[in-house]
Amino acid sequence: MEIWINPACSKCRSAVDLLDAEGAEYTVRRYLEDVPSPDEIRAVLDRLGLEPWDITRTQEPAAKELGLKEWPKDAGSRERWISALAEHPKLIQRPIITAQDGTAVVARSEEAVRDALGR
């Protein structure tokens, strides 16, 4: 199990605290420092069953600078979105837990973290 976190994020800290309290074995990836490649983002999206715009933080300053809210959300634009996430990792929703069964969850709630633990 791996968790992508930003240590400044309270949801990330809560998720890590819950993993620790449950005695889970996991690795931490500080994705702002260890930026995921486009291939890694594609793999996580496949595990999540989501599209890149589904995990994009559109209120971030970089999103506004890029005009992401105006970008099409279709198959033809998917790679453009993935490139933006790789170039601006602050845009990636957090935390993301990759579970042992090959799936992943955006773990913004205790329920989502527990869901990942049960996989």
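Structural data are supplied above this passage.
An account of the accompanying structure is given in this report. This is a predicted model, so every value here is computed, not measured.

With that out of the way, let us pick up the packing of aromatic side chains. The relation between two aromatic rings is expressed through the spacing of the ring centres and the mutual angle of the planes. On inspection of all chains with the given rule, the structure shows two aromatic pairs. Ring centres of Trp71 and Trp81 lie 5.4 Å apart, and the angle between their planes is 80°; on these two criteria the pair is classed as edge-to-face. Here the residue Trp71 occupies a position in the loop between helix 3 (61-66) and helix 4 (78-87), and Trp81 occupies one in helix 4, the gap between them amounting to ten residues. The class for Trp71 is buried, based on a relative accessible area of 11%. Ring pairs connect the aromatic residues Trp53, Trp71 and Trp81, which therefore count as one cluster.

In this structure, Thr98 sits in strand 3 (residues 96-98). We classify Thr98 as buried; its relative accessible area is 8%.

Moving on, we get to the side chain of Arg57. Relative to the helices and strands, Arg57 is located in the loop between helix 2 (38-48) and helix 3. We classify Arg57 as buried; its relative accessible area is 18%. Reaching out from Arg57, the side chain makes a polar contact with the side chain of Glu60 at a distance of 3.1 Å. Excluding its chain neighbours within four sequence positions, the residues that come into contact with Arg57 are Ala63, Lys90, Leu91, Ile92, Gln93, Arg94 and Arg108.

Nonpolar side chains tend toward joint burial in soluble globular proteins. With 20 residues, the main nonpolar core has Ile41, Leu48, Ile55, Leu68, Leu85, Ile92 and Ile96 as its most contacted residues. Elements with a minimum of two residues in this core: helix 2 and helix 4. It is helix 4 that contributes the most residues to this core, five residues altogether. The contact partners of Ile55, leaving out residues within four places of it in the chain, are Leu45, Leu48, Leu50, Leu85, Leu91, Ile92, Gln93, Ile96 and Val106. Judged by nonpolar contacts, the second largest core, of 16 residues, contains Met1, Ile97, Val105 and Val113.

Let us look at the pattern of salt bridges. A complete count under the given rule lists ten salt bridges for this structure. For the salt bridge of Glu79 with Arg42, the shortest nitrogen-to-oxygen distance reads 2.6 Å. Of this pair, Glu79 sits in helix 4 while Arg42 sits in helix 2; the two residues are 37 residues apart in sequence, bridging distant segments of the chain. Residue Glu79 is classed as partly exposed on the basis of its relative accessible area, which comes to 38%. What makes Arg42 partly exposed here is its relative accessible area of 23%. One salt bridge connects Asp46 with Arg78, and the closest N-O pair in it is separated by 4.0 Å. With Asp46 in helix 2 and Arg78 in helix 4, the pair connects residues that are 32 residues apart, well separated along the chain. Judged by its relative accessible area of 18%, Arg78 falls in the buried class. Linked by salt bridges that have partners in common, Glu22, Glu110 and Arg114 make up one network.

So, how was this worked out
- Residues numbered from 1 in each chain as written.
- Predicted model: local features only at pLDDT ≥ 70, side-chain atom pairs only at ≥ 80, totals over all residues.
- Heavy atoms only, no water.
- Phe/Tyr/Trp six-rings, centres within 6.5 Å; stacked < 30°, edge-to-face > 60°.
- Helix = DSSP H or I, 4+ residues; strand = E, 2+ residues; numbered from the N terminus.
- Buried < 20%, exposed > 50% of the residue type's maximum accessible area, 1.4 Å probe, protein only.
- Polar contact = N/O pair within 3.5 Å; in protein donor to acceptor, adjacent residues only side chain to side chain.
- Contact = heavy atoms within 4.5 Å.
- Core = buried A, V, L, I, M, F, W, Y, C linked by side-chain atoms within 4.5 Å.
- Salt bridge = Lys/Arg side-chain N within 4 Å of Asp/Glu carboxyl O.

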